[in-house]
Amino acid sequence: MMQIDFTQAITAVAKAAEAAAVRAAAIKAECRARILVVGSETTQMNIAQAGIVFTAAVLDGNPREAALAASGLQEGDLALAQAWKAWVAAMQSACRTAIVESTDPVWPDVPSGVADLAARF
């Protein structure tokens, strides 16, 4: 007589957990791709580096105009960089919410001027 090993059976719970993991991975990948469309990882690092150079120049006592010139930033870029950071955080929050609540992600719009900033770096 043949005996069935039920420990090897795939349960509905296991299937649901696997589907949820696949869905979460897809949402995370979409979030990342949407962020990277605005600015690559290199672009993001370049902007962060420009902010560091600007801050260092200001702390060294340089006038704002000189600090901007040294960093490659323009007037208003620091506010755009902060808007970008807030947008990325909002994207990540939308990603987590969609995963936890099993809903479609509601992606926030890219703030005005952020893509232009990214294009320069």
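Residues numbered from 1 in each chain as written. Predicted model: local features only at pLDDT ≥ 70, side-chain atom pairs only at ≥ 80, totals over all residues. Heavy atoms only, no water.

### Some details on the overall build of the protein chain
Rule in force here: Where helices and strands are cited, they refer to DSSP runs of H or I of at least four residues and of E of at least two residues respectively, numbered from the N terminus. For the radius of gyration, the atoms used are the C-alpha atoms, and the globule rule reads 2.2 Å times the number of residues raised to 0.38.
When helices and strands are counted, the protein chain shows 5 helices and 0 strands. When the helices and strands of the protein chain are listed from N to C terminus, the series reads α-α-α-α-α. For 121 residues, the compact-globule estimate of 2.2 N^0.38 gives 14 Å, and the C-alpha radius of gyration of the protein chain, at 22 Å, exceeds that figure by more than 25%. If you line up the protein chain on its principal axes, its C-alpha atoms span 90 × 25 × 20 Å.

### What to know about the pattern of salt bridges
Oppositely charged side chains are able to pair whenever their charged atoms sit close together. Our working rule: Counted as salt bridges are all cases of a side-chain nitrogen of Lys or Arg within 4 Å of a carboxyl oxygen of Asp or Glu. For every residue, the accessible area obtained with a 1.4 Å probe (protein chains only) is divided by the maximum for its type, and the residue is called buried under 20%, exposed over 50%, and partly exposed between those limits.
The tally for this structure, following the rule as stated, stands at 4 salt bridges. In this structure, the salt-bridge partner of E41 is R32, at a minimum N-O distance of 2.5 Å. For R32, a relative accessible area of 46% corresponds to the partly exposed category. With a shortest N-O distance of 2.9 Å, E75 and R64 are connected by a salt bridge. Taken together, the residues span a long stretch of sequence, with E75 in the loop between helix 3 (64-71) and helix 4 (77-101) and R64 in helix 3 at a distance of 11 residues. Among the residues examined, R64 registers a relative accessible area of 37% and is labelled partly exposed.

### Overview of the layout of surface pockets
Threshold: The pocket and cavity definitions rest on a 1 Å grid over protein atoms only: a 1.4 Å probe that fits but cannot leave marks a cavity, an open set with protein on both sides within 12 Å along at least five of seven lines marks a pocket, and residues lining either have an atom within 4 Å of a point. Grid points are joined across faces, edges and corners, and a volume is the space filled by probe spheres set on the points.
By volume, the largest pocket is sized at about 230 Å³. Of all the elements in the fold, those that place two or more residues in the lining of the largest pocket are helix 2 (41-59) and helix 4. Here the lining of the largest pocket gets 6 residues from one element, more than from any other, and that element is helix 4.

### A closer look at the nonpolar core
Applicable threshold: To form a nonpolar core, buried Ala, Val, Leu, Ile, Met, Phe, Trp, Tyr and Cys residues must be joined to one another through side-chain atoms within 4.5 Å. We call two residues in contact when some of their heavy atoms are within 4.5 Å.
By size, the foremost hydrophobic cluster in this structure holds 17 residues, and its most contacted members are C31, I35, W84, W87, M91 and W107. The leading source of residues in this core is helix 4, at 8 residues. Apart from the residues lying within four places of it in its own chain, the contact partners of I35 are Q44, W87, V88 and M91. Judged by nonpolar contacts, the second largest core, of 6 residues, contains A50, F54, A57 and L73.

### Some points on unusual backbone geometry
Excluding glycine, residues mostly carry a negative phi; peptide bonds, for their part, are mostly trans. Of note in this structure, S102 is not a glycine but carries a positive phi near 55°. Inspection of the secondary structure assignment puts S102 in the loop between helix 4 and helix 5 (114-120). You can call S102 exposed: its relative accessible area is 59%.

### What about helix 4?
Counting along an α-helix, one turn takes 3.6 residues, and residues three or four places apart therefore face a common direction. Note the cut-off: Multiplying one less than the number of residues by 1.5 Å gives the expected span of a helix.
In this model, helix 4 (25 residues) spans 35 Å end to end at C-alpha, consistent with the 36 Å of a helix rising 1.5 Å per residue. D77, L80, W84, W87, V88, M91, A94, C95 and A98 are the residues of helix 4 that are buried. Lining the buried residues of helix 4 we find helix 1 (12-38), helix 2 and helix 5.

### A few points about the packing of helix 2 against helix 3
This is how it is decided: Only the stretch in contact is used when a helix axis is fitted, and all axes are lines through C-alpha atoms; the angle between N-to-C directions ranges over 0 to 180 degrees. Roughly parallel means an angle under 35 degrees; roughly antiparallel, over 145; roughly perpendicular, 65 to 115; everything else is oblique. By convention the crossing between two helices is left-handed if the near helix lies anticlockwise of the far one by an angle smaller than a right angle, and right-handed if it lies clockwise. Ten residues, namely Ala, Val, Leu, Ile, Met, Phe, Trp, Tyr, Cys and Pro, are considered nonpolar, four, namely Asp, Glu, Lys and Arg, are considered charged, and the remaining ones, Gly among them, are considered polar.
Two numbers describe how helix 2 lies on helix 3: the axes approach to 8 Å, and their chain directions differ by 150°. Classified by the interaxial angle, the pair formed by helix 2 and helix 3 is roughly antiparallel. The handedness of the crossing between helix 2 and helix 3 comes out as right-handed. Note on element contacts: helix 3 touches helix 2 through R64, A67, L68, A70 and S71, opposite A50, V53, F54, A57 and V58. Of the residues that constitute the contact of helix 2 with helix 3, the class distribution is 8 nonpolar, 1 polar and 1 charged.

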